Amino acid sequence: MQKTIRLKAAAVSLPLLFLPALVSAADFDGGSLSPLWGVPFAGILLSIALFPLLAPAFWHHHYGKISAAWALAFLLPFAAAFGVQLAGVQLVHALVAEYIPFIILLTALFTVAGGIHIRGNLHGAPGLNTAILAIGAVLASFMGTTGASMLLIRPLIRANDNRVHKVHVIVFFIFIVSNAGGALTPLGDPPLFLGFLKGVGFFWTAQNILPETLFILGVLLALFYAIDRHYYRKEGVMPVDPTPDTPGIGFDGAANFWLLGGVVALVLLSGFWKSPVAFDVFGTEVGLPGLVRDVGLALIAVVSYKLTAPKVHADNQFEWEPMAEVAKLFAGIFLTIIPVIAMLKAGTQGPFGAIVSAVTRADGQPDPAMYFWATGVLSSFLDNAPTYLVFFNTAGGDPAALMTTYASTLAAISAGAVFMGANTYIGNAPNLMVKAIAESRGVRMPSFFGYMAWSVAILVPLFVICTFIFFR
């Protein structure tokens with residue numbers, strides 16, 4: 001029989017929130033909610049999409065306040081309408097069960113990857129560039145799209161700084177390393193880690209969307225090689241390489257590779273270790289394996305930062321601002337998504353019944369092709385992690401059923417969220433990070449819509465073909 005250790009803490013705010021009588025299940029019936037409860041969620045996602053374009057300076061200084069404002073726009077009316085007790089339970093569940101594990105993993109991967117510097121100068125010929133993209137695609141599923149992107153983008157830019165035309169190199173890097181390469185494990189991309197937290201097996205995605213991933217990556221790598229070879233033959237290289245040649249290639253901060261192995265081991269451990277010990281944190285159950293994983297990941301991040309020489313961080317231009325932005329924005333996202341998920345769980349009879357019907361066939365079964373495109377299109381313009389959660393719950397939210405009976409549907413949701421995050425700069429966090437680093441190194445990256453011209457011309461036809469092959 002499961003042994004549950006119930007934790008009781010003194011209140012920090014909202015004194016009634018933590019009384020034992022208020023501890024209850026985190027789920028609630030969303031069938032009776034008004035669709036207006038989804039406005040804060042839509043508001044924060046639209047803010048993420050539009051403010052960086054329309055008011056970049058204002059956004060840079062106030063994105064945390066904007067995120068907090070949208071979170072309060074949901075939480076305070078919800079507490080007034082349904083009581084402080086239910087609002088408190090929802091708040092604790094969103095933070096403890098989803099947000100904190102999510103942010104801890106991202107922070108660990110970000111810190112460890114930021115402590116590895118690849119020194120030396122390569123020469124960006126088509127074969128070498130293609131090899132770097134292929135290596136990045138493999139690494140992305142083990143150290144995350146963010147980690148792989150941060151590790152390889154700077155050496156790739158140095159390798160091509162004597163090339164005349166190199167924008168296509170960065171664009172395909174975003175397609176392959178910052179997105180599609182992360183499709184095979186929960187470590188690869190934030191949407192898949194959220195699925196893992198919901199109960200999807202660690203190796204499930206590798207077993208179920210491997211053919212789709214190999215197809216997308218294979219076509220993109222072949223197409224990149226052809227384009228890069230064309231420019232290389234047409235333009236050649238500059239007479240003088242801005243980066244001096246070095247005796248060889250090496251790694252500074254190589255001890256972080258061992259810490260990266262520790263990250264993988266802890267995530268695997270939490271998936272396979274079944275412990276009867278659980279902690280009840282005001283209505284949210286926290287299993288011992290998950291707790292060990294999160295504490296271990298936090299310690300790895302601290303050890304990595306302390307052990308890495310300041311020069312390595314300086315060479316990598318390592319700073320905390322990108323991670324702080326992700327943490328502040330996702331705090332708002334994880335709170336405002338609460339009523340949206342509840343309404344989607346209500347199915348065709350709920351407030352979002354039209355959405356559920358649109359991805360459901362006439363016989364009542366889910367339509368994988370529609371799930372692939374619905375998840376993908378929203379992932380392109382919003383953020384793929386919350387979009388994955390929305391459609392995961394639209395499909396029923398039961399990991400056991402989704403991994404078996406409705407495996408094709410979960411595969412479509414997973415593929416749509418990961419692959420189509422590459423359609424715009426705002427589809428996945430590493431996209432903007434790579435763009436910023438490239439521009440800081442003198443690469444004139446396309447505008448928001450200029451980048452979309454690349455994705456519409458290359459990715460969208462590829463996704464259409466993928467739909468007919470894998471998701472019919």
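Our subject is the structure that appears above.
Conventions we followed
- Residues numbered from 1 in each chain as written.
- Predicted model: local features only at pLDDT ≥ 70, side-chain atom pairs only at ≥ 80, totals over all residues.
- Heavy atoms only, no water.
- Helix = DSSP H or I, 4+ residues; strand = E, 2+ residues; numbered from the N terminus.
- Buried < 20%, exposed > 50% of the residue type's maximum accessible area, 1.4 Å probe, protein only.
- Contact = heavy atoms within 4.5 Å.
- Polar contact = N/O pair within 3.5 Å; in protein donor to acceptor, adjacent residues only side chain to side chain.
- Expected span 1.5 Å × (residues − 1).
- Bend = angle between axes of the 7 residues up to and from the residue.
- Pairing = 2+ DSSP bridges.
- Axes fitted to C-alpha atoms, helices over the stretch in contact; angles between N-to-C directions.
- Parallel < 35°, antiparallel > 145°, perpendicular 65-115°, else oblique.
- Left-handed = near helix turned anticlockwise from the far one by under 90°.
- Nonpolar A, V, L, I, M, F, W, Y, C, P; charged D, E, K, R; others polar.
- Core = buried A, V, L, I, M, F, W, Y, C linked by side-chain atoms within 4.5 Å.
- Patch = residues over 30% accessible without salt bridge, like charges linked within 9 Å, V, L, I, M, F, W, Y side chains within 5 Å.
- Areas by Shrake-Rupley, 256 points an atom, 1.4 Å probe, with all protein chains shown as cover.
- Salt bridge = Lys/Arg side-chain N within 4 Å of Asp/Glu carboxyl O.
- Phe/Tyr/Trp six-rings, centres within 6.5 Å; stacked < 30°, edge-to-face > 60°.

(A) Structural context of the overall build of the protein chain. Of the regular secondary structure elements, the protein chain holds 19 helices and 5 strands. Taking the principal axes of its C-alpha atoms as reference, the protein chain extends roughly 75 × 55 × 45 Å. Every one of the 472 residues in the protein chain was classed for burial, and the buried ones make up 54%. For the protein chain, contacts bridging at least 24 residues in sequence account for 81% of all contacts bridging at least 6.

(B) Structural detail: the side chain of Thr-336. Structurally, the position occupied by Thr-336 is in helix H12 (residues 321–345). Classification of Thr-336 as buried rests on a relative accessible area of 0%. Within the structure, Thr-336 has its side chain in polar contact with the backbone oxygen of Gly-332 (distance 2.9 Å). Among the polar contacts listed, one links the side chain of Thr-336 to the backbone oxygen of Ile-333, at a separation of 3.4 Å. Setting aside residues no more than four positions away along its own chain, Thr-336 makes contact with Pro-40, Phe-41, Ile-44, Trp-70, Ala-71 and Phe-74.

(C) Region of interest: helix H2 (residues 56–82). Along its 27 residues, H2 runs 37 Å from first to last C-alpha, staying within 8% of the 39 Å computed at 1.5 Å per residue. Of all bends in H2, the biggest is about 75°, found at His-62. Looking only at H2, the buried set comprises Trp-59, Tyr-63, Ile-66, Ser-67, Ala-71, Phe-74, Leu-75 and Phe-78. In this fold, the buried residues of H2 make contact with helix H1 (39–54), helix H3 (84–114) and H12. Gly-83 lies just past H2 and shows a positive phi near 105°.

(D) Main features of the pairing of strand E4 (residues 277–281). Counting buried positions over the 5 residues of E4 gives 5, a clear majority of the element. Going residue by residue along E4, you find Val-277, Phe-279 and Val-281 tucked away on one face and Ala-278 and Asp-280 tucked away on the opposite face as well. Sheet topology note: the E4/strand E5 (residues 284–287) ladder contains 4 bridges and is antiparallel. Its bridge partner being in E5, Ala-278 is matched across the sheet by Gly-287.

(E) Looking closely at the packing of H3 against helix H10 (residues 288–307). Relative orientation of the contacting elements H3 and H10 amounts to 25°, with a least axis distance of 9 Å. Accordingly, the angle class assigned to the pair H3 and H10 is roughly parallel. Two packed elements cross with a definite hand, and for H3 against H10 that hand is left-handed. Residues Pro-101, Ile-104, Leu-105, Thr-107, Ala-108, Thr-111 and Val-112 of H3 form the contact with H10, whose participating residues are Arg-293, Asp-294, Leu-297, Ala-298, Ile-300, Ala-301, Ser-304 and Tyr-305. Per-class residue counts for the contact of H3 with H10 are 10 nonpolar, 3 polar and 2 charged.

(F) Summary view of the nonpolar core. Among the nonpolar cores identified, the biggest contains 134 residues, and Leu-133, Phe-175, Ile-176, Leu-220 and Phe-419 are the most heavily contacted of them. With 15 residues, H12 is the single largest residue contributor to this core. Ignoring sequence-local partners within four residues, the contact set of Phe-419 consists of Ala-180, Ala-183, Glu-212, Thr-213, Ile-216, Phe-372 and Phe-463.

(G) A look at the environment of Lys-65. Of note, Lys-65 is situated in helix H2. As a C-alpha pair, Lys-65 and Ile-426 span 361 residues in sequence and 20 Å in three-dimensional space.

(H) Representation of a nonpolar patch on the surface within the structure. Together, Leu-46, Leu-50, Leu-53 and Leu-54 make up an exposed nonpolar region whose accessible area comes to about 400 Å². Its location among the elements puts Leu-53 in helix H1. For Leu-53, a relative accessible area of 43% corresponds to the partly exposed category.

(I) Geometry of the packing of aromatic side chains. Here the structure, examined in full by the defined rule, presents 32 aromatic pairs. Taking the centre distance of 5.9 Å and the plane angle of 65° together, the rings of Phe-215 and Phe-470 count as edge-to-face. Taken together, the residues span a long stretch of sequence, with Phe-215 in helix H8 (residues 210–235) and Phe-470 in helix H19 (residues 448–470) at a distance of 255 residues. On the basis of relative accessible area, Phe-215 is assigned to the partly exposed category, the value being 22%.

(J) Up close: the pattern of salt bridges. Under the definition given, this model contains 6 salt bridges. A salt bridge links Glu-439 to Lys-435, with the nearest nitrogen and oxygen atoms 3.0 Å apart. Remark: Lys-435 and Glu-439 occur in helix H18 (residues 429–440); sequence separation between them is 4 residues, near one turn of the helix. Since its relative accessible area comes to 36%, Glu-439 is described here as partly exposed. Note on Lys-435: relative accessible area 18%, which makes it buried.

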